[in-house]
Amino acid sequence: MTAFPLILLLPLSLFLLNHSLSTAANIHKKGHFRPKLKTHLAKTNITTVFEVAKPIQVPRTKPCSYLLLQHDFGYTYGLPPVLANYTPPSDCPCQNFAKIVLQWEAKCNGTQFDRIFGVWLGGVELLRSCTAEPTATGIAWTVKKDITRYYSLLMSNQTLAVYLGNIVSNVYTGVYHVKLTVHFYPAEESSGNSFGGYGSWADLILPISRNLPLNDGLWFEVENSTDIESKKFMIPRNAYRAVLEVYVSYHNDDEFWYTHLPNNFITANNLSIPPENGAFREVVVTLDSVELGVVWPFTVIYTGGINPLLWRPITGIGSFDLPSYDIEVTPFLGTILDGKTHEFAFSVTNALNVWYIDANLHVWLDRKRVKTKGHLLKHYVSPVVVTLVSNLTGINGKILTTVNKSVSSVGWVKSSHGKITTNSTQRFNFSNFMVLREDGNLQIVNQTINFNDSVHAKLPSSSVLSIKSSKRFPLYLYTDEVDKGNETFLLVTNLTLGYNEKKRVKAGDFGLFDSSLKNLQNGLGVLLVANNSVVAGIGNTQEVYRYDDSTFCYFRNVSSSNYTILYDKEGKSCRK
């Protein structure tokens, strides 16, 4: 067993599956995880692609629906986002909305890679998503997202921006035909604000993103491990709570960061590949150069990743609606309630090119006070404990990477709600166990991320708000590349991907809300690849999704093989 010096642990793992070497080993080339499907592998009719998710619970009222944008995204790469004027739904008979839903509908046919895209309103990101990959006869997909948390933003005039960087040529012919709609559901007469006051939606949402005009998305681009991107902001002096919602996606050299090898492994084996910086990544968020919190992201696999046939028609978890991550800023309010400009900054530990990151700052305002005041009592960031252990013979063997970290902050804010002390904690642990065989042609990655966070806000005599979330992101990836000669190879893939979360929310005297999500995908596929194009293949996928909360339950078990649904069962009954 060899323990590598911690200082050498930098991103490097999927490379094994992706790169050719000058040595005798034939470690996978990066392009092998992004093969291009031949059109003859597709079905002969339009395929509806979908991400399994629970239905959005809406009131039994007729929504006021508005078309925000209709556009054909042809050659849009490097061009400005598509813009439209947004006005609130003033002509809707009811102006008290219980639910607001954003709906993205798209169609495409031809040949095209998957493309990342974003939707912003007034610079605030509402949706980060990935397109489905089309077929010659066409595909269609719909994404619905609950955007009620952006209520205050949606009640004023804004500029809508949509960026989908697409390339159209005589080879890549797919044009994405998009329609974007918003649905406002009036509240039922019996309904009201579920929490009110401290637990309601934010009064103000500030964009922590790049400013228009741009020839790109509004996200910041983090291109390497030393790159830091930042945005200055100022909040009203009567704020009493703040939450930073962070959007993250990874691309290009770091799309498969969880498979990357340690740099010293590459050096020791004289591999003629660039540094990969190991298999660990974290997004670090600072406020005025002080580390506020971190994100250890869920491993989203886009619709063209690993084996594209796995994601037709069941797409990867989170690929159509990438998760965002909340970091409580309230303990720090005392440091920024001075009417001056402050700064959020983003970086990614061990990053390769490129990560897209931006954020939305949700701010709650005291309507009874012109000023609030606060004080940061305690802030602690534990040193990152990284352990890298290997048992290797040349390129073959095992590598175990484990990381632990915690961040905690305590501070009080005095407002008309009283003197409320908020304690915010993040706790993480990471394990990536990698096996290399057949001189790097076979790689197994068994990774788990545990991401736990809590927020407790209380008056001296009572609790105001309590949020506890425990997330677990398991990933198992087996890839074996079998050389068939003449620039042809078989790529065998066995994949397990999971997103699990238990959450408990209690807001004062307004009740307790418990929820549980267990979402697990299993995929098995084989591709015959010639000159980076798939000439034959199969992809089998099964997904079991189970969600339970205090008022609603949803279950779905669905499986597919090469565009065809084999089994599909869903229900809304709760297990007792």
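Quick notes on the rules
Residues numbered from 1 in each chain as written. Predicted model: local features only at pLDDT ≥ 70, side-chain atom pairs only at ≥ 80, totals over all residues. Heavy atoms only, no water. Domains from an automatic or database assignment. Contact = heavy atoms within 4.5 Å. Buried area = accessible area lost by both parts, 1.4 Å probe. Salt bridge = Lys/Arg side-chain N within 4 Å of Asp/Glu carboxyl O. Polar contact = N/O pair within 3.5 Å; in protein donor to acceptor, adjacent residues only side chain to side chain. Helix = DSSP H or I, 4+ residues; strand = E, 2+ residues; numbered from the N terminus. Nonpolar A, V, L, I, M, F, W, Y, C, P; charged D, E, K, R; others polar. Pairing = 2+ DSSP bridges. Axes fitted to C-alpha atoms, helices over the stretch in contact; angles between N-to-C directions. Core = buried A, V, L, I, M, F, W, Y, C linked by side-chain atoms within 4.5 Å. Buried < 20%, exposed > 50% of the residue type's maximum accessible area, 1.4 Å probe, protein only. Disulfide = S-S within 2.5 Å. Phe/Tyr/Trp six-rings, centres within 6.5 Å; stacked < 30°, edge-to-face > 60°. Lys NZ or Arg CZ within 6 Å of the ring centre and 35° of its normal. pLDDT = per-residue confidence, 0-100.

Undergrad: Outline the domain arrangement of the chain, listing residues and values.
TA: Structurally, the chain comprises domain 1 (45–191) and domain 2 (195–571). In this complex, domain 1 contributes 45 residues to the contact, which on the side of domain 2 involves 54 residues. Summing both sides of the interface, domain 1 and domain 2 together bury roughly 4000 Å²; the carbon and sulfur share of this comes to 61%. Taken together, domain 1 and domain 2 are joined by 5 salt bridges. In this structure, Glu245 and Arg149 form a salt bridge, with 3.5 Å as the shortest nitrogen-oxygen distance. Counting every contact that joins domain 1 to domain 2 gives 27 residue pairs in polar contact (both at pLDDT 80 or more). Secondary structure elements with two or more residues in the side of domain 1 that touches domain 2: β5 (47–49), β9 (116–121), β10 (124–130), β11 (139–146), α1 (151–154) and β12 (158–164). The dominant element in the side of domain 1 that touches domain 2, judged by the number of residues it contributes, is β10, at 7 residues. Split into classes, the residues belonging to the side of domain 1 that touches domain 2 amount to 25 nonpolar, 12 polar and 8 charged.

Undergrad: Can you tell me about the sheet that holds β10, naming the residues and giving the values?
TA: Strand order in this open sheet of 4 strands is β7-β12-β9-β10, and the pairing throughout is antiparallel. The two strands at the open ends of the sheet, each matched to only one other strand, are β7 (82–86) and β10. Strand-to-strand twist across the sheet, computed as the mean angle between neighbouring axes with direction ignored, equals 15°. Sheet topology places β9 next to β12; 5 bridges connect them, and they run antiparallel. Residue pairing for β12: Phe117 is matched across the bridge by Leu164.

Undergrad: Explain the nonpolar core residue by residue, including any values.
TA: Counting 98 residues, the largest nonpolar core has Ile235, Leu244, Phe344, Trp355 and Leu361 as its most contacted members. Trp355 has contacts with Phe220, Glu221, Val222, Val248, Ser249, Tyr250, Asp254, Trp257, Arg281, Val283, Pro297 and Val348, leaving out every residue within four places of it along the chain. In terms of nonpolar packing, the next biggest core, distinct from the first, is built from 41 residues, Cys64, Trp141, Tyr151 and Val182 among them.

Undergrad: Tell me about the state of the cysteines, and please be specific about residues and values.
TA: A full pass over the atoms with the stated rule returns 1 disulfide. Of all cysteine sulfurs, the one in Cys108 lies closest to Cys130, which takes part in no disulfide; the gap is 12 Å.

Undergrad: Hey, could you go over the environment of Lys471 for me, with residue numbers and the actual values?
TA: Mapped onto the fold, Lys471 is located in strand β28 (residues 463–485). Overall, Lys471 belongs to the buried group, its relative accessible area being 11%. Between the C-alpha atom of Lys471 and that of Tyr499, which follows or precedes it by 28 residues, the distance is 7.4 Å. Not counting residues within four places of it along the chain, the set of residues in contact with Lys471 comprises Ile449, Asn450, Phe451, Asn452, Asp453, Tyr499, Asn500 and Glu501.

Undergrad: Explain the sheet that holds strand β21 (residues 342–349) to me, and be specific about the residues and the numbers.
TA: On the basis of which strands lie adjacent, the open sheet formed by 4 strands has the order β16-β21-β18-β19 and antiparallel pairing. The open sheet has two free edges, formed respectively by β16 (229–233) and β19 (290–295), since each of these has just one partner strand. The sheet shows a mean angle of 20° between the axes of neighbouring strands, taken without regard to direction. Two elements, strand β18 (residues 282–287) and β21, share 6 bridges in a ladder whose sense is antiparallel. Counted as the bridge partner of Glu282 is Thr349 from β21.

Undergrad: Could you give an account of the pattern of salt bridges, naming the residues involved and the relevant values?
TA: This model, assessed by the stated rule, comprises 20 salt bridges. Measuring nitrogen to oxygen at the nearest pair gives 2.7 Å for the salt bridge that ties Arg128 to Glu125. Judged by relative accessible area, which is 0%, Arg128 ranks as buried. Here Asp254 makes a salt bridge to Arg281, at a shortest N to O gap of 2.9 Å. In this pair, Asp254 is assigned in the loop between β17 (239–250) and α2 (263–268) and Arg281 in the loop between α2 and β18, connecting sequence segments 27 residues apart. Residue classification places Asp254 among the buried residues on the basis of a relative accessible area of 0%. Taken together, the shared-partner salt bridges connect Glu125, Arg128 and Asp358 into one network.

Undergrad: Describe the environment of Asp321, and please don't skip the residues or the numbers.
TA: Within the element layout of this structure, Asp321 appears in the loop between β19 and β20 (324–328). As a C-alpha pair, Asp321 and Val300 span 21 residues in sequence and 9.8 Å in three-dimensional space. Filtering out sequence-adjacent residues up to four positions away, Asp321 remains in contact with Glu51, Leu127, Arg128, Ser129, Val143 and Lys145.

Undergrad: Tell me about the packing of aromatic side chains, and please be specific about residues and values.
TA: Counted by the stated rule, this structure contains 29 aromatic pairs. Residues Tyr163 and Trp219 carry aromatic rings whose centres are separated by 6.2 Å and whose planes lie at 90° to one another, so their mutual orientation is edge-to-face. Of this pair, Tyr163 sits in strand β12 while Trp219 sits in the loop between β14 (204–208) and β15 (220–222), and the two are 56 residues apart along the sequence. For Tyr163, a relative accessible area of 5% translates into the label buried. Judged by centre distance (4.5 Å) and plane angle (10°), the ring pair of Phe233 and Phe344 falls under stacked. Here Phe344 lies in strand β21 and Phe233 lies in strand β16, a separation of 111 residues in the sequence. A relative accessible area of 0% means that Phe344 is categorised as buried. Among the aromatic residues, those joined into a ring-pair cluster are Tyr250, Phe256, Trp257, Tyr258, Tyr302 and Trp355. In this structure, Arg241 packs its charged tip against the face of Trp364, placed 4.6 Å from the ring centre. It is Lys471 that lies over the ring of Phe451; its NZ or CZ is 4.8 Å from the centre.

Undergrad: Tell me about the confidence of the model for the chain, residues and numbers included.
TA: Here the chain averages 90 in pLDDT, and 90% of its residues register 70 or above. Long-range and interchain partners of residues 1–26, a stretch whose pLDDT sits below 50, account for 137 contacts in this model, where long-range means more than four residues apart. Taken as a whole, residues 190–196 scores under 50 in pLDDT and shows 6 contacts with residues more than four places along the chain or in a different chain.

Undergrad: Break down the side chain of Ser515 for me, citing the residues and quoting the values.
TA: Within the secondary structure, Ser515 is located in strand β30 (residues 512–530). For Ser515, the contacting residues outside a window of four places in its chain are Glu501, Lys502, Lys503, Tyr547, Asp548 and Asp549.

Undergrad: Quick one: what's the story with the pairing of strand β32 (residues 553–561), residue by residue and with numbers?
TA: With 9 of 9 residues buried, β32 is to be regarded as a mostly interior element. Residues Cys553, Phe555, Asn557, Ser559 and Ser561 point to one face of β32 and Tyr554, Arg556, Val558 and Ser560 to the other, with burial holding for every one of them. Of the strand pairs in this sheet, strand β31 (residues 533–549) and β32 are connected by 9 bridges, and their pairing is antiparallel. Bridging across to β32, Tyr545 finds its partner in Arg556. Turn length for the β31-β32 hairpin, with the two strands adjacent in sequence and antiparallel, is 3 residues. Looking at chain direction, β32 and strand β33 (residues 564–571) are connected through 7 bridges and run antiparallel. Across the sheet, residue Asn557 finds its bridge partner in β33, namely Lys569. Connecting β32 to the antiparallel partner β33 that follows it, the hairpin turn spans 2 residues, and Asn562 within it adopts a positive phi of roughly 45°.

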